[in-house]
Amino acid sequence: MARRALWLLFLALLLPLAAKDPPRPVPAAEDAKKLEALLDKMNTVQKGLQTLRVSFVQTNHFRMLSKPQVLKGVLTLRKPDTALYKYTSPSPLYFLVKDGDLLVYDPKDKKVLVQDIRRHQSRIVRYLGVGQPLDELRQAFEVSWQGQEGRTAHLVLAPTKYRMKRKISALNFWVNAETGYLDAFEIVELEGDRIRFDFAQWEANPALTEEAFKVELPPGVKVQRQLADFDEPFKP
């Protein structure tokens with residue numbers, strides 16, 4: 001389930017690569033002003049982040065599950081090309097982006113999958129900074145202002161490209177309007193399943209060493225290497 005969520009996130013962020021900017025509906029003047037101001041703040045935050053550590057709670061609302069699935073972990077990131085999603089609950093799981101590879105390690109299965117993502121590595125890390133440069137995402141999404149409650153502004157990104165529409169219905173962003181940091185991010189799939197990330201304990205530009213991105217693999221663990229497939233990820 002965590003693998004599915006991360007790959008949907010990667011898919012949403014990579015598909016705009018070849019997109020051209022389509023015409024956009026003109027929002028109400030006041031909403032448009034608020035939206036542009038918030039996007040400017042988010043882009044400024046993104047540009048200022050060189051390293052990052054932030055805790056997250058991932059909640060999966062899947063039709064096949066009788067109740068939501070909750071996972072917890074920490075994202076550690078170093079620009080331009082290194083990031084580690086470390087799940088700690090309910091069981092350990094690692095996603096490491098480093099040296100042109102995406103390494104997925106599930107200790108309970110004693111298996112490691114390594115996919116070549118060299119072409120996309122820097123872009124993935126930039127977006128995993130969870131201060132997404134939304135001016136780039138707007139090449140393939142229509143961004144709309146949904147209102148603000150307290151300090152939290154709600155943005156909806158609706159896909160405009162056919163390939164994306166086949167996978168994702170919408171992206172929801174809840175943003176702290178004062179700091180420009182994401183409070184939460186949600187992927188809504190076409191069939192109605194939802195995957196939400198809630199973020200807390202932001203550490204902007206902490207001092208990080210190589211140890212922060214070290215994933216210990218036990219002796220004898222099976223390693224499978226393959227090229228990245230954004231349509232059929234993690235295939236056996």
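Everything below is about the structure printed above this text.
Values in this document were obtained by computation on a predicted structure and should not be read as measured data.

Draft legend 1. Here's a closer look at the overall build of the protein. Helix and strand counts for the protein stand at 5 helices and 12 strands. If you sum the accessible surface of the protein, you get close to 11900 Å²; carbon and sulfur atoms cover 50% of it.

Draft legend 2. Fine view of the environment of T88. Position of T88 relative to the elements: it lies in strand β3 (residues 82-89). The residues contacting T88, other than those within four sequence positions of it, are K72 and G73.

Draft legend 3. Highlighting the pattern of salt bridges. Scanning the entire structure with this criterion turns up 10 salt bridges. Linking R63 and D193 is a salt bridge whose minimum nitrogen-to-oxygen distance equals 3.2 Å. Of this pair, R63 sits in the loop between β1 (51-61) and β2 (69-78) while D193 is found in the loop between β10 (182-189) and β11 (194-204), placing the two residues 130 residues apart along the sequence. For R63, a relative accessible area of 60% gives the class exposed. The salt bridge involving K214 is made with E216; its shortest N-O contact spans 3.3 Å. Classification of E216 by relative accessible area gives exposed; the value is 54%.

Draft legend 4. Examining the nonpolar core more closely. Ranked by size, the top nonpolar core spans 41 residues in total, and within it L155 and F173 carry the most contacts. Counting residues in hydrophobic clusters, the runner-up holds 11 residues, among them L84, L208, F213 and V221.

Draft legend 5. Inspection of the sheet that holds strand β4 (residues 93-98) at higher detail. Pairing within the open sheet is mixed, and its 12 strands lie in the order β7-β8-β9-β10-β11-β1-β2-β3-β4-β5-β6-β12. Of all strands in the sheet, those with a lone pairing partner are β7 (141-149) and β12 (222-227), marking the two edges. Ignoring strand direction, the axes of neighbouring strands in this sheet form an average angle of 20°. In terms of strand pairing, β1 meets β11 through 9 bridges, oriented antiparallel. Within β11, the position partnered with T59 by the bridge is R196. Lying on the sheet, helix α2 (residues 29-48) is in contact with β7, β8 (152-159), β9 (168-176) and β10; it crosses β7 at an angle near 100°.

Draft legend 6. Representation of unusual backbone geometry within the structure. The omega angle of the peptide bond from K79 to P80 is 10°, so this bond is cis rather than trans. Relative to the helices and strands, P80 resides in the loop between β2 and β3. Between S89 and the following residue, P90, the backbone shows a cis peptide bond with an omega angle of 10°. With a phi close to 55°, N205 is a non-glycine residue in the positive phi region. For N205, the position within the fold is in the loop between β11 and β12. Among the residues examined, N205 registers a relative accessible area of 39% and is labelled partly exposed.

Draft legend 7. Inspection of the environment of Y105 at higher detail. Examined against the element boundaries, Y105 turns out to sit in strand β5 (residues 101-106). Taking relative accessible area as the criterion, Y105 reaches 5% and is therefore assigned buried. Sequence separation of Y105 and L217 is 112 residues, and the distance between their C-alpha atoms is 8.2 Å. Not counting residues up to four positions away in its chain, the partners in contact with Y105 are L93, Y94, K111, V112, V215, E216, L217, P218 and V221.

Draft legend 8. Quick peek at the side chain of T76. Looking at the element boundaries, T76 is found in strand β2. With residues near it in sequence (within four places) discarded, T76 still touches L52, R53, T82, A83, L84, L208, A212 and F213.

Draft legend 9. Representation of the packing of aromatic side chains in the model. Applying the stated criterion to the full structure yields 11 aromatic pairs. With a centroid separation of 5.8 Å and an interplanar angle of 15°, the aromatic rings of Y94 and Y105 are classed as stacked. Of this pair, Y94 sits in strand β4 while Y105 is found in strand β5, placing the two residues 11 residues apart along the sequence. Overall, Y94 belongs to the buried group, its relative accessible area being 17%. Feature note: the residues F56, Y85, Y87, F95, Y181, F197, F199 and W202 constitute an aromatic cluster, connected by ring pairs. If you follow R196 out to its NZ or CZ, it ends over the ring of W174, 4.4 Å from the centre.

What counts, and where the lines are drawn
Residues numbered from 1 in each chain as written. Predicted model: local features only at pLDDT ≥ 70, side-chain atom pairs only at ≥ 80, totals over all residues. Heavy atoms only, no water. Helix = DSSP H or I, 4+ residues; strand = E, 2+ residues; numbered from the N terminus. Areas by Shrake-Rupley, 256 points an atom, 1.4 Å probe, with all protein chains shown as cover. Contact = heavy atoms within 4.5 Å. Salt bridge = Lys/Arg side-chain N within 4 Å of Asp/Glu carboxyl O. Buried < 20%, exposed > 50% of the residue type's maximum accessible area, 1.4 Å probe, protein only. Core = buried A, V, L, I, M, F, W, Y, C linked by side-chain atoms within 4.5 Å. Pairing = 2+ DSSP bridges. Axes fitted to C-alpha atoms, helices over the stretch in contact; angles between N-to-C directions. Phe/Tyr/Trp six-rings, centres within 6.5 Å; stacked < 30°, edge-to-face > 60°. Lys NZ or Arg CZ within 6 Å of the ring centre and 35° of its normal.

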